[in-house]
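Working through the structure, step by step
Residues per chain, in single letters:
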Amino acid sequence: MAENLIINGENKRELYETLLPQLQSLTAGETDVVANMANVAAALKQTFDFFWVGFYVVKEEMLVLAPFQGPLACTRIRYGKGVCGTAWKDAQTIIVPDVEQFPGHIACSSDSRSEIVVPIVRDGKVVAVLDIDSDKLNEFDKTDAEYLERLCAILPF
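Counting restarts for each chain, with residues numbered from 1 along the sequence as it is written. Totals for whole chains, interfaces and linings use all residues, but because this is a predicted model, local features are given only for residues with pLDDT of at least 70 and pairs of side-chain atoms are given and counted only at 80 or more. Each side-chain value is worked out from all heavy atoms of the structure, with water and hydrogens disregarded.

Side note on the packing of aromatic side chains
Centres within 6.5 Å make a pair out of two Phe, Tyr or Trp rings, where for Trp the six-membered ring is used; the pair is then stacked when the planes are under 30 degrees apart, edge-to-face when over 60, and tilted otherwise. Tallied over the full model, the rule gives seven aromatic pairs. When the centroid spacing of 5.3 Å and the interplanar angle of 50° are considered together, the rings of F50 and F140 count as tilted. Of the two residues, F50 is situated in the loop between α2 (33–48) and β1 (52–59) and F140 in the loop between β6 (125–134) and α4 (142–154); the sequence distance between them amounts to 90 residues. The buried label goes to any residue with under 20% of its type's maximum accessible area, the exposed label to any with over 50%, and the partly exposed label to all in between, with areas taken from a 1.4 Å probe on protein chains only. According to the relative accessible area criterion, F50 is buried, its value standing at 3%. Taken together, the ring pairs connect Y16, F48, F50, F140 and Y147 into an aromatic cluster. Going along the chain from the N terminus, every DSSP run of H or I of four or more residues is numbered as a helix, and every run of E of two or more is numbered as a strand.

If you want it as structure tokens, here you go:
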């Protein structure tokens, strides 16, 4: 069933406040993880027009590309490598204001300038990460981290 988002807000916090309840409602009755990741990626891209929004899931000791919105992406990322692999290893959100300054950054696209990665933890283990890239420097802040962590906590996984 197709859904329409109601996107209201003058600032980032207000946009998240209107988006999160809609995503919770959209994913609450759906048990298919891929469908939920696809809709969440699409909704975040539509709401904020981020350069790239997507998921990587932990499979056989690698992060493997899952549903996303944006240009082609790296297919596999090793544990502890790049921003995504580091967020997986540390099991905590990482905000990178300038990807050129992050040691070991994996450049899937030279257009990416800043990034936020939020690990999705279930039963004490990281099962996936939500990765969002911007083509602008310093795009992400504590507001993004707060709301994206809340989103990842409610996602059925």
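Structure's up, so let's keep going.
Overview of the sheet that holds strand β4 (residues 94–96)
The six strands are arranged β3-β2-β1-β6-β5-β4 in an open sheet whose pairing can be described as antiparallel. The open sheet has two edge strands, β3 (76–78) and β4, and neither has a second partner. Averaged over all pairs of adjacent strands, the angle between their axes in this sheet comes to 25°, without regard to strand direction. Strands are labelled as partners when DSSP assigns at least two bridges between them. Relative to strand β5 (residues 114–122), β4 is paired through three bridges, and the arrangement is antiparallel. Each bridged residue has a counterpart across the sheet, and for I95 the counterpart in β5 is I116. Along the sheet, α2 contacts β1, β2 (62–69) and β6; its crossing angle with β2, the most-contacted strand, is approximately 55°. In this description, contact between two residues means that some pair of their heavy atoms is separated by no more than 4.5 Å. Only the stretch in contact is used when a helix axis is fitted, and all axes are lines through C-alpha atoms; the angle between N-to-C directions ranges over 0 to 180 degrees. Lying over the sheet, helix α3 (residues 82–90) contacts β1, β2, β3, β4, β5 and β6, oriented at roughly 30° with respect to β5.

Structural notes on α2
Its 16 residues place the ends of α2 22 Å apart at the C-alpha level, agreeing with the 22 Å of an ideal helix rising 1.5 Å per residue. Within α2 the residues assigned to the buried category are N36, M37, V40, A41, A43, L44, T47 and F48. Along α2, the residues classed as buried sweep out an arc of 165° about the axis, all on the same side. Looking at the buried side of α2, the elements it contacts are α1 (12–28), β1, β2, β6 and α4. We define a polar contact as two N or O atoms separated by no more than 3.5 Å, with the added condition that, inside protein, one atom must be a possible hydrogen donor and the other a possible acceptor, whereas residues neighbouring each other in sequence contribute only through side-chain atom pairs. Measuring from the backbone nitrogen of V34 back to the side-chain oxygen at the start of α2 gives 2.9 Å, which picks out D32 as the cap. D49 sits one or two positions beyond α2 and adopts a positive phi of about 55°. Take the residue count of a helix, subtract one, and multiply by 1.5 Å to get its expected span. Regarding the arc, it is the one traced by the directions from the helix axis to the C-beta atoms.

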